[in-house]
Amino acid sequence: MRYDVIIIGSGLGGLECARLLAQEGMSVLVLERGNRIGGCLQSYPRDGLSLDTGFHYVGGLGEGQSLYPAFKRLGLMELPWQRLDPYFDRITIGDRSFAFAQGFEAFVDTLAAEFPGRRCALTKFATLLKEAGERQFEALNPQNDDASASFLDSIEINAYQYLTELFQDPLLVNVISGTSLKMELRKESLPLFTFLHGNSGFIESSWRLKGDGALIAETLERGIREQGGEIIRKAEVIELVEQGGTLTRAICSNGESYEGKFFISDIHPVLTCGLVKQSDRIKKVYRDRIARLENTFGMFTVSLCLRPGVLRYFNWNQYVYTDTDVWSFYQDHTEDAGGLLISCRVPEDGSEYTRQIDLLTPMPWSRCLRWEHTRVGRRGEEYEAMKRRWATSCILLAERVIPGLRDSISTYYTSTPLTYRDYTATPEGSAYGARKNCEQPLTTLLSTRTPIPNLLLTGQSLMLHGLHGVTMTAFHTCAEVLGKKRVWEMIKN
């Protein structure tokens, strides 16, 4: 059988592309190297609980908001979403605490109460955030010729410099940046485009799942199969064969071969290039460009399993920093947890008490290098000691805002960038894929297209990362197959 579309990898982007294309009547095959689908949406069972790996909350799901039409089209609005409190993100920097409010006007009012002389700057910033959400799919509008030019203007602006000049207040710059553990803050390189899109949806509205992130992958899988699509697990693609300038088939490690008209790669671009072993189309200059891409940092995660009935659920996220300079924290010399995201799992038993809290802090790949070539379970006591040290650091930092947290813990589990690399095959265990650089936009910003006309890319290494960004990118990838007009209609109807 020759499929209309073969998708390599079943992360969020791959599953979303499969769902959209199968919905349009195309024959779709998803090939997944592992035993589980979902990439960073995977969960794993421990102590009677289902622990998340990468998903914690999402923005813009209110009706008429930026992510709602995409999630409705994908069948994801049927999931048990719970809206967070009006003050959904709370940031502690040093010895002071601040809050982000849902809704752009409330966002401005809340911060202006703390920084009364900066209301005009906050209003201007909120307008930019709102426009970012409203225009995220504008490049798909067949009648909009200016969308790509506007996009490039935004990505060439340095986020840190812009915020510094706009607010003229170092503390406010750090507060505005304080929820940005969901991206990598680099003073010298982070594009304003990335910063705006990484925050705008959450300020529209913020939501958690009553359940684990695997619900998203399972819902997409069910929709794919209902539309006649196929997903094959334990089918690692080892080669994409090119003939006459186009791809013709994917060869898997088990010897199976699958023919296709289009191929969409949801794995890292470096790995994708490695699959096309012989090509008349992919020249050395393109391979070199992809090989030079830097990756964002990985995450160290502590999944806390709590004793029943001891810690009340809190319906917001907490960010905590030891230093007042949030941006300086995102450097490769990080030795332990100097900044933390604390995410609380919604109780599924109807009680007021949570059973799980996740603590996340950036961990540079340099902290994992000595164990890079070791196997899971064979990394030795030094590795385990490193994880215990980082976990203790995270728990102590979390206790600044959750007093007595240690007494509530029954046990905990940890993961490092090595863990992410082992289970998702992401180079260096990168949390957000390839790093974008405002000084090198044309080099670091990848198109969904490749030099091979029927090989397309999707996923977090392209335009944007996170649930919101990957979803947006998936629609752009599908537009290369279905045409912009059809995908624009899907978004607007």
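Right above here is the structure, for reference.
K.L.:
Would you take a moment to explain the environment of Arg 449 for this structure?
P.N.:
Tracing the backbone shows Arg 449 in the loop between α15 (441-444) and β19 (455-457). Of the residues examined, Arg 449 reaches a relative accessible area of 53% and is grouped as exposed. As a C-alpha pair, Arg 449 and His 268 span 181 residues in sequence and 14 Å in three-dimensional space. Excluding residues that lie within four positions of it along the chain, Arg 449 makes contacts with Tyr 286, Leu 455, Leu 456 and Glu 480.

K.L.:
Would you mind showing me how to read the sheet that holds strand β14 (residues 298-306) here?
P.N.:
Sheets are built from strands paired through backbone hydrogen bonds, the pairs being either parallel or antiparallel. Pairing is mixed across the open sheet formed by seven strands, whose spatial order is β8-β7-β15-β16-β17-β14-β18. Here the strands that pair on one side only, and so sit at the sheet edges, are β8 (96-101) and β18 (409-415). Across the sheet, the axes of successive neighbouring strands diverge by a mean angle of 20°, strand direction being ignored. Relative to β8, strand β7 (residues 87-93) runs antiparallel, the two being bridged by six bridges. In the strand pairing of β8, Ile 91 is matched with Phe 98.

K.L.:
Please explain the nonpolar core as it appears in this structure.
P.N.:
Buried together is how nonpolar side chains tend to be arranged in soluble globular proteins. Counting residues in hydrophobic clusters, the biggest one holds 79 residues, and the most contacted among them are Phe 107, Phe 125, Phe 167, Ile 176, Phe 195, Ile 357 and Leu 359. Here the element with the most residues in this core is helix α12 (residues 380-398); it accounts for eight residues. Look past the residues within four positions of Phe 107 in its chain and what remains in contact with it is Phe 100, Ala 101, Phe 125, Ala 126, Leu 129, Ile 176 and Ile 203. Residues Val 30, Leu 79, Leu 140 and Leu 445 belong to the second largest nonpolar core, which totals 53 residues.

K.L.:
I would appreciate a short explanation of the packing of aromatic side chains in the present structure.
P.N.:
Within the structure shown, the criterion is met by 15 aromatic pairs. Here Phe 125 and Phe 167 contribute two aromatic rings whose centre-to-centre distance is 5.7 Å and whose plane-to-plane angle is 70°, an arrangement assigned as edge-to-face. On the criterion of sequence distance, the pair formed by Phe 125 in helix α4 (residues 119-134) and Phe 167 in helix α6 (residues 159-167) is long-range, its members being 42 residues apart. Looking at Phe 125, the relative accessible area reads 1%, which means it is buried.

K.L.:
Please clarify how the sheet that holds strand β5 (residues 58-59) should be interpreted in this entry.
P.N.:
Strands sit in the order β5-β9-β6 across an open sheet of three strands; the sheet is antiparallel. Unpaired on one side and paired on the other, β5 and β6 (81-83) mark the two borders of the sheet.

Criteria and cut-off values
Residues numbered from 1 in each chain as written. Predicted model: local features only at pLDDT ≥ 70, side-chain atom pairs only at ≥ 80, totals over all residues. Heavy atoms only, no water. Helix = DSSP H or I, 4+ residues; strand = E, 2+ residues; numbered from the N terminus. Buried < 20%, exposed > 50% of the residue type's maximum accessible area, 1.4 Å probe, protein only. Contact = heavy atoms within 4.5 Å. Pairing = 2+ DSSP bridges. Axes fitted to C-alpha atoms, helices over the stretch in contact; angles between N-to-C directions. Core = buried A, V, L, I, M, F, W, Y, C linked by side-chain atoms within 4.5 Å. Phe/Tyr/Trp six-rings, centres within 6.5 Å; stacked < 30°, edge-to-face > 60°.

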